[in-house]
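Below, each chain spelled out in residue letters.
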Amino acid sequence: MSAMSRASVMSRTSTMGRVSRMGDLSRMGSPSRPSPPTPPAPPKDRRVLRAALRWTAAVAVFGVLGTGIAYGITAQERTDVPGLSTKSDGRWAYPKLVKPALPAGAALPYAADNPGMIHYADLEQLLLPAPAGSTPDPTLKGDKSRITTDRFLQEFAGDNRVPNMRQDLAQGGLRQIAARGWTMPDGTATRIYLVRFHSSGYQNAFTTLYFSNTGSAPRVLKDIEGESALDDAYISGNGIHVRHDVYVESAPTGPVQVRHAYIAAGDIVALVVQSRKGTAAAVPFHQTTVLQEQLLG
């Protein structure tokens, strides 16, 4: 064979080798397909296919079991599931939270087309519902949970800036105030107030003036006889739109210990107050505050 003929054969052989290797590479992502290009597939590839089918079936079974396990945890009492916190940790049984429906065409409070960060949902629907076993506070039973400014300011009965707060609420863009309260069998009393302004700007101005964090509580609430310090144990994960300052009355306290929190969210500032003779437990207060944050966030 001439040198030219041998070069031609070698060129064709090299090209076919490259094409074959490219075909092999294109098939590397599918382990169930036979790697050789010629059928029928060798027995080892049928074993791979059978193994893949067995894994697919196993995944399907585990998916069904996983759904069953998740349903079981949802359906069972917490005390029945090992490894989960039980009722003895002090948490209360709240109803499942549901964000209220918005009026037709209304924007979400933190949407780009809602620069005032306005909550268009009904204010009563943004209040945390009372937990199971609680007794409603009869002083907070207005129509659609609305209350007067004077009723809200009763919480600051011991503070000398109440007259200023009343004037600024009247002239500083206040729209409405809603409240809900209850008492638990152990005597823990809870009151939640939602103060809605015409926009986040009005809310921020009022909150900055009267509720700013200075390391200790900026206002004196009723039943607090000493100082209230920041509650460093409180943790929340509600993101950038909700700000909170959480306080606990420091020892020595009076007959009643008070915990309270301010939650600023768009056009709304919330006040959460929880008190109990002796000691007010941290767990239900933190739980209550986190859930109210979630409804506003």
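This write-up is about the structure you can find in this document. Given the structure is predicted, the values throughout are model-derived calculations rather than measurements. (Residues numbered from 1 in each chain as written. Predicted model: local features only at pLDDT ≥ 70, side-chain atom pairs only at ≥ 80, totals over all residues. Heavy atoms only, no water.)

## Remarks on the pattern of salt bridges
Applicable threshold: The term salt bridge refers to a pairing of a side-chain nitrogen on Lys or Arg with a carboxyl oxygen on Asp or Glu at a separation within 4 Å. The helix and strand labels rest on DSSP assignments: H or I over at least four residues marks a helix, E over at least two residues marks a strand, and numbering proceeds from the N terminus. Relative accessibility thresholds used throughout: buried, under 20% of the residue-type maximum; exposed, over 50%; partly exposed, between the two (1.4 Å probe, protein chains only).
Inspection of every chain in the model, using the stated rule, returns 9 salt bridges. Between Arg-219 and Asp-159 there is a salt bridge; the shortest N-O distance is 3.0 Å. One end of the pair, Arg-219, is in the loop between α5 (200-210) and β4 (228-230); the other, Asp-159, is in the loop between α3 (149-153) and α4 (162-171), and 60 residues separate them in sequence. Among the residues examined, Arg-219 registers a relative accessible area of 9% and is labelled buried. Take Asp-159: its relative accessible area is 9%, and that puts it in the buried class.

## Let's talk about the packing of α4 against α5
Applied cut-off: Fitting a line to C-alpha atoms yields each axis, with helices limited to the stretch in contact; the angle taken between N-to-C directions then spans 0 to 180 degrees. For this classification, under 35 degrees means roughly parallel, over 145 means roughly antiparallel, 65 to 115 means roughly perpendicular, and everything else is oblique. In what follows, a contact means two residues having at least one pair of non-hydrogen atoms within 4.5 Å. Ten residues, namely Ala, Val, Leu, Ile, Met, Phe, Trp, Tyr, Cys and Pro, are considered nonpolar, four, namely Asp, Glu, Lys and Arg, are considered charged, and the remaining ones, Gly among them, are considered polar.
Taken N-terminus to C-terminus, the directions of α4 and α5 make an angle of 175°; their axes are 11 Å apart at the nearest point. Classified by the angle between their axes, α4 and α5 sit roughly antiparallel to one another. Along its contact with α4, which presents Asn-164, Met-165, Asp-168 and Leu-169, the element α5 presents Phe-206, Leu-209 and Tyr-210. Considered class by class, the residues forming the contact of α4 with α5 number 5 nonpolar, 1 polar and 1 charged.

## Considerations on the pairing of strand β6 (residues 256-265)
To keep things clear, this is the line we draw: Pairing between strands is defined by DSSP: at least two bridges between the two strands are required.
The element β6 is largely enclosed, with a buried count of 10 among its 10 residues. Going residue by residue along β6, you find Val-256, Val-258, His-260, Tyr-262 and Ala-264 tucked away on one face and Gln-257, Arg-259, Ala-261, Ile-263 and Ala-265 tucked away on the opposite face as well. Sheet topology note: the strand β5 (residues 242-249)/β6 ladder contains 7 bridges and is antiparallel. Residue pairing for β6: Arg-243 is matched across the bridge by Ala-264.

## Overview of the environment of Asn-160
With respect to the element layout, Asn-160 can be found in the loop between α3 and α4. According to the relative accessible area criterion, Asn-160 is exposed, its value standing at 66%. Taking the C-alpha atoms as reference points, Asn-160 and Val-220, 60 residues apart in sequence, are found 8.5 Å from one another.

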